[in-house]
Amino acid sequence: MLEARKLSRLTLGPVDLSLEAGEVVALRGASGSGKTLLMRALADLDPCRGDVLLDDVERRAFFAPDWRKAVAWVPAEAGWWSDTVIEHFTDWQVALPLIEELGLSPDCGGWQVSRASTGERQRLALVRAISQQPKVLLLDEPTSGLDRQSVAQVETLIARLAGAGASVLWTTHDEDQAARVASRALLIENGKLAAAA
Amino acid sequence: MNYVQLEYTDLALASLLVLANAGLSLVLNLGLARRMLLATLRMVVQLSLVGLVLKSLFAVASPWLTGLVAVTMILFAGREIMARQERRFDGLWSYSLGTGSMLFAASLVTIFALTGPVRPDPWFDPRYALPLLGMILGNTMTGISLGLHTLTTGLVRDRAGVEAQLALGHSRNEAFRPIVQAALTSALMPIVNSMAATGLVSLPGMMTGQILAGVDPAEAVKYQILIMFLIAGGTSLGAVVAVLGGAWRLSDQRHRLRLDRLK
C-alpha cells in the first residue's frame, strides 16, 4: 500500500519502509530519534529526498492536498484554526458516529476548542482525520493524554479501520500497547529504521 | 502668492520649543536630551539638503535626474521596510519583496496621477512628480511593512493551525486565507482610519501647506482628496503584491508551509 524508498531529510534516513493494506505497524524510538520527522516526510509536509508511493503510484503524480487526504498525519499535539469544534470538520454528519464511538459528547460541535481538555482535543483531531477516509494513517502518540477507557476505545476504532483495509503507522512509547495493536514493530534510532526485537 | 515668509530668526524662535523639551528631559532625568537634539539636528540638516536638491532639480527639470531621485527614494523606503521586520525573509527576498512591491505600486500610481488627473507639462515635472511620489511612498511603505509583519508573525504563531489544515488536505490558499486576510487588513487600516478621520480630527499636512501658501481652501481640498485616492490605491496595490508574494514564498508547489525561508 504505502512504500518509501531511501526517504531522507536532515537527520532522518535514508529510510525504506513498506506498509501493507490492513497492517498496523508500531513505531518506537526515543524522543528526538526522528519519529515525527518520518511521519511528516511521509505526509509530504517537509521537502525531502527519496520516493514515496501509494498503491504503486509515485507521490509526485498526486496533487499534494489529495496525497495528504490519503496519507493522513495526526500529530501528537493537533493544531486548530477556528474557535468552535465543528468548524474544523468538513462533514460533521460523517464525523458524529466516530465522535460518539470515542466517548465524546454528540453536542461537542458547538464547543469552544479552547474549552476542550487535552484528551478531548486529541480524540477530536483523530476523528477529524479519520472522517476523511484516509488509506494510510500516521498516528503520533494518539493515546498519550487519554484515560484507560478512552485508550481502549481508540484502539478498537483503529483496529476496525485496519480491518477495513487501512494501513496504520502508530507511534507509541508503550511496549504493551505496541504489542496489543500492531502486528510488527519498527524501532527508529538516530533517524535510522530497524525491525524491533 | 501672498504668504508670510519665514526668516531664520523665526525658526530660531520656534526651536526654543525643542530646547525647552531637552531642558525638561535634563531636569526630569529622562535621558532623552541627547537623542532629541541629535534627531532635531538630523531633521534640520536633511530637510535643508532636500530643499537645495529640490531647488536645483526643479530648475533643471530633467527626466533622468527626476527618475534617479525617485528610484533612490524607493530604495531607501525598501530598506526601511526591511529594517522594520521582526522576522525577515532569507536571502535576497528580505530586501527585494518589500522594495519590489513598492517600486511596482508607487511608480504605477504616481505615473497614473501625472498622466491622468494632474497632467503637468512636461508630465515628469519634478515639482509635481517628487512630492506626489513622496506622499504615496510614505504611506505605501507603512502599509507594506505592516502587512508583511502580520503575515510572517501570524504564520509563525499559528503554525500548528496552518499545518493542521495542510495535513487534512486543504490547499495552501485555504490554509493561509485567515492570515493573509489579517495581513491585508492591518496594511490598509492606517489609510482607512486616516480617510475616516481626516477633516474632522486632523487637517492633512499637504492641504494645510497649500492653504498657508495662499491657495483657496476649496482648491486645496480637491488636491487633498486626489492624494487620498492615490495613497489608498498605492497602499492597497503594494500591500496585495507584498502579502501575496510573501505567502507564495512561504509555501511551495507541494502546498507545504515553508517557515525555513524566514531567517
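Placed above this text is the structure.
Residues numbered from 1 in each chain as written. Chains lettered and ligands numbered in written order. Predicted model: local features only at pLDDT ≥ 70, side-chain atom pairs only at ≥ 80, totals over all residues. Heavy atoms only, no water.

**What about the interface of chain A and chain B?**
And step 1. Taken together, the contact between chain A and chain B spans 20 residues of the former and 16 residues of the latter.
And step 2. Counting across the chain A and chain B interface gives three salt bridges.
And step 3. A salt bridge links Asp44 of chain A to Arg256 of chain B, with the shortest nitrogen-to-oxygen separation between them at 2.6 Å.
And step 4. Here chain A is connected to chain B by eight residue pairs in polar contact (both at pLDDT 80 or more).
And step 5. Of the residues that constitute the side of chain A that touches chain B, the class distribution is 10 nonpolar, two polar and eight charged. (Contact = heavy atoms within 4.5 Å. Salt bridge = Lys/Arg side-chain N within 4 Å of Asp/Glu carboxyl O. Polar contact = N/O pair within 3.5 Å; in protein donor to acceptor, adjacent residues only side chain to side chain. Nonpolar A, V, L, I, M, F, W, Y, C, P; charged D, E, K, R; others polar.)

**Brief notes about the nonpolar core**
And step 1. Ranked by size, the top nonpolar core spans 74 residues in total, and within it Leu2, Leu42, Leu138 and Leu169 of chain A together with Leu155 and Phe176 of chain B carry the most contacts.
And step 2. Here this core gets 11 residues from one element, more than from any other, and that element is helix H5 (residues 126-157) of chain B.
And step 3. What Phe176 of chain B contacts, discounting residues up to four positions off in sequence, is Leu155, Val162, Ala247, Leu250, Ser251 and Leu257 of chain B. (Core = buried A, V, L, I, M, F, W, Y, C linked by side-chain atoms within 4.5 Å. Buried < 20%, exposed > 50% of the residue type's maximum accessible area, 1.4 Å probe, protein only. Helix = DSSP H or I, 4+ residues; strand = E, 2+ residues; numbered from the N terminus.)

**Quick look at the sheet that holds strand E4 (residues 49-54) of chain A**
Residues and elements named next belong to chain A.
And step 1. Strand order in the open sheet formed by four strands is E2-E1-E4-E5, with antiparallel pairing between adjacent strands. Looking along the sheet, the strands with just one partner apiece sit at the ends: strand E2 (12-19) and strand E5 (57-58).
And step 2. Across five bridges, strand E1 (residues 2-9) lies against E2 in antiparallel orientation. Bridging across to E2, Leu2 finds its partner in Leu19.
And step 3. Contacting E1, E2 and E4, helix H1 (residues 35-42) runs over the sheet at an angle of about 120° to E1. (Pairing = 2+ DSSP bridges. Axes fitted to C-alpha atoms, helices over the stretch in contact; angles between N-to-C directions.)

**Observations regarding the packing of aromatic side chains**
All names here are of chain A.
And step 1. All told, the structure shown has four aromatic pairs over all chains when counted by the stated rule.
And step 2. Measuring from ring centre to ring centre gives 5.1 Å for Phe62 and Trp67, while their planes differ by 80°; the resulting arrangement is edge-to-face.
And step 3. Judged by its relative accessible area of 0%, Trp67 is buried.
And step 4. Between the aromatic rings of Phe89 and Trp92, the centroid separation amounts to 5.1 Å while the plane-to-plane angle is 80°, which identifies the pairing as edge-to-face.
And step 5. Classification of Trp92 by relative accessible area gives buried; the value is 13%.
And step 6. The side chain of Arg115 reaches across the aromatic face of Trp111, ending 5.3 Å from its centre.
And step 7. The ring of Trp80 carries the charged tip of Arg128 above its face, separated from the ring centre by 4.4 Å. (Phe/Tyr/Trp six-rings, centres within 6.5 Å; stacked < 30°, edge-to-face > 60°. Lys NZ or Arg CZ within 6 Å of the ring centre and 35° of its normal.)

**Quick look at a nonpolar patch on the surface**
Residues and elements named next belong to chain B.
And step 1. A cluster of nonpolar side chains, namely Leu24, Val27, Leu28, Leu30 and Leu32, defines an oily patch on the protein surface of about 500 Å² accessible area.
And step 2. Note that Leu28 resides in helix H1 (residues 8-28).
And step 3. The class of Leu28 is exposed, set by a relative accessible area of 54%. (Patch = residues over 30% accessible without salt bridge, like charges linked within 9 Å, V, L, I, M, F, W, Y side chains within 5 Å. Areas by Shrake-Rupley, 256 points an atom, 1.4 Å probe, with all protein chains shown as cover.)

**Comments concerning the sheet that holds strand E7 (residues 136-140) of chain A**
All names here are of chain A.
And step 1. Read from one edge to the other, the open sheet built from six strands follows the order E6-E7-E8-E3-E9-E10, with strand pairing classed as mixed. Each edge of the sheet is formed by a strand with only one pairing partner; in this case those strands are strand E6 (71-74) and strand E10 (192-195). In this sheet, neighbouring strand axes are inclined to one another by 20° on average, regardless of whether the strands run parallel or antiparallel.
And step 2. Examined bridge by bridge, strand E3 (residues 24-28) and strand E9 (residues 184-189) share four bridges and lie parallel to one another. In the strand pairing of E9, Val25 is matched with Arg184.
And step 3. In the packing of helix H4 (residues 118-130) onto the sheet, the strands contacted are E6 and E7, and the crossing angle to E6 comes to about 175°.
And step 4. Along the sheet, helix H5 (residues 148-163) makes contact with E3, E7 and strand E8 (167-171), crossing E8 at roughly 150°.

**Things to note about the environment of Ala166 of chain A**
Residue and element names in this part refer to chain A.
And step 1. Summarising the element assignment, Ala166 is placed in the loop between H5 and E8.
And step 2. For Ala166, a relative accessible area of 10% puts it in the buried group.
And step 3. Taking the C-alpha atoms as reference points, Ala166 and Pro134, separated by 32 residues in sequence, lie 7.4 Å from one another.

**Some words on the pattern of salt bridges**
And step 1. One pass over the structure, following the stated rule, counts 22 salt bridges over all chains.
And step 2. Residue Asp252 of chain B is joined to Arg256 of chain B by a salt bridge in which the shortest nitrogen-to-oxygen separation is 2.9 Å.
And step 3. Classification of Arg256 of chain B by relative accessible area gives buried; the value is 9%.
And step 4. Notably, a salt bridge pairs Asp260 of chain B with Arg258 of chain B, separated by 3.0 Å at the nearest N-O pair.
And step 5. Judged by its relative accessible area of 12%, Arg258 of chain B falls in the buried class.
And step 6. Via salt bridges that share partners, Asp44 and Arg59 of chain A together with Asp252, Arg254, Arg256, Arg258 and Asp260 of chain B belong to a single interconnected network.

Purely spatial values, then, with no claim about function.
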